[in-house]
Structures are given as C-alpha cells and as structure tokens.
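Structural description and commentary
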Amino acid sequence: FLKAYYEGGSTGPAKGAYVLARLVLSTFVSGGYSRKIFNRIPGFVAGDGREAPYDSFTCVLAATVTEIGLGFSPLARTLDRENHFQIVAGAISPLSYAWQVGRIYTGAPLRGAVFDEVVHEARIDLHEDADYMIDGDIKKGARSFKLKAGPRIRFIQY
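Throughout what follows, the structure given in this document is the object of discussion. The model shown is predicted, which means the values in this text are computed figures rather than measured ones.

Criteria and thresholds
Residues numbered from 1 in each chain as written. Predicted model: local features only at pLDDT ≥ 70, side-chain atom pairs only at ≥ 80, totals over all residues. Heavy atoms only, no water. Helix = DSSP H or I, 4+ residues; strand = E, 2+ residues; numbered from the N terminus. Buried < 20%, exposed > 50% of the residue type's maximum accessible area, 1.4 Å probe, protein only. Lys, Arg positive; Asp, Glu negative; His and termini not counted. Salt bridge = Lys/Arg side-chain N within 4 Å of Asp/Glu carboxyl O. Contact = heavy atoms within 4.5 Å. Phe/Tyr/Trp six-rings, centres within 6.5 Å; stacked < 30°, edge-to-face > 60°. Lys NZ or Arg CZ within 6 Å of the ring centre and 35° of its normal. Core = buried A, V, L, I, M, F, W, Y, C linked by side-chain atoms within 4.5 Å.

Structural notes on the environment of G69
Within the secondary structure, G69 sits in the loop between β4 (59–63) and β5 (85–90). With a relative accessible area of 30%, G69 lands in the partly exposed category. Here the alpha-carbon distance between G69 and I138, two residues 69 residues apart in the chain, equals 15 Å.

This is the structure in structure tokens:
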C-alpha cells in the first residue's frame, strides 16, 4: 500500500484516500492493482512462542502505535500491555480485507485466517525477499525479522 501511496511524489490524506478507494474497487473486480498490493508471500510468523497456523500471508503488520494513517487503527490493542506490541498476519484474500475495511478502521479483530496477538517478541521468516516499512520508510529485500518490544519511551517537552 505504501509503495502505491508514494508513487508519483505527492502524498497526503487525499492521495491516501485515492489509493485506498482504488484498491478497494480493484479488489471487488479482481483487478491487477489489488493483486499487486496483496501479493501472497510464503513464510512463517510467530509471537511469544505461538505460531501462526498459515504458510503464506497477504499482509503482516507489527507496531507499537495504534494508527497507521487516515484514522485506520488495525493495531488498536498494541498498547494493552506494557513492553508489548501487536502483530497481525493475515492469510485472507484481498476481497476479505475489502469487506472488513470498517473493522480495519476501528481496530476490531479481523475475521478469517488471521494471526492476531499482543506479544513481547515476534519472528517473521519469509521464503523470498520482501520489501518492508519502518517508520514510513520503505526498505528493500529482507527475509527474516526478529522483533522485540523495549520499554516505553517518555518524552519531556519544554
């Protein structure tokens, strides 16, 4: 999604809404745009010793923040436990995401083949190189990720 969002240079809420609307419409007609964004990748996902019971994923999100932009909060439970984060690994179809866009917006758990846990540590091992995003920056080609929550940082403002 973010690669599509950053294409063409301009960004902002209007661009985000455009990419989202185009994605949802493409999904309902089984279009190429949807297939490009929801590219299924074989792999393994686990958190705190619990393994996802799926062998490929259309989306993997892990974060210590609840909102991902445009008001969407798919990781609404990430702050439930100190020194933990939420990981959501979906093995559902693009159409299932489109039907559940309201749940993604509000942070309600997704239905279907989804591994959704609040964990202290997680491991993601993919069978092929994949682009990934950290703090809004897209990085190229990685297969393995080890994630671990640290202590919450408190900022002091003057």
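Quick look at the side chain of K15
Here K15 is to be found in helix α2 (residues 13–28). It is E7 that comes nearest to the buried, bridge-free K15 among opposite-charge side chains, at 6.7 Å. In this structure, K15 is in contact with A4, Y5, Y6, E7 and S10, ignoring residues within four places of it in sequence.

Structural notes on the packing of aromatic side chains
Across all of its chains, the model carries five aromatic pairs by this definition. Arranged with centres 5.0 Å apart and planes meeting at 75°, the rings of F28 and W99 form a pair that is edge-to-face. Taken as a pair, F28 in helix α2 and W99 in helix α4 (residues 94–99) lie far apart in primary sequence, 71 residues in all. Judged by its relative accessible area of 38%, F28 is partly exposed. Directly above the ring of Y33 sits R22, whose terminal nitrogen or CZ lies 3.8 Å from the centroid.

Structural notes on the nonpolar core
Taken as a class, soluble globular proteins show a tendency for nonpolar side chains to be buried jointly. Counting residues in hydrophobic clusters, the biggest one holds 16 residues, and the most contacted among them are V45, F85, I87, F115, I124 and L126. Elements that contribute at least two residues to this core include exactly β1 (41–47), β5, β6 (114–119), β7 (121–134) and β8 (137–148). In terms of residue count, β7 provides more of this core than any other element does, four residues in total. Counting residues in each nonpolar core, the second largest holds 15 residues, with A4, I92, Y97 and I104 among its members.

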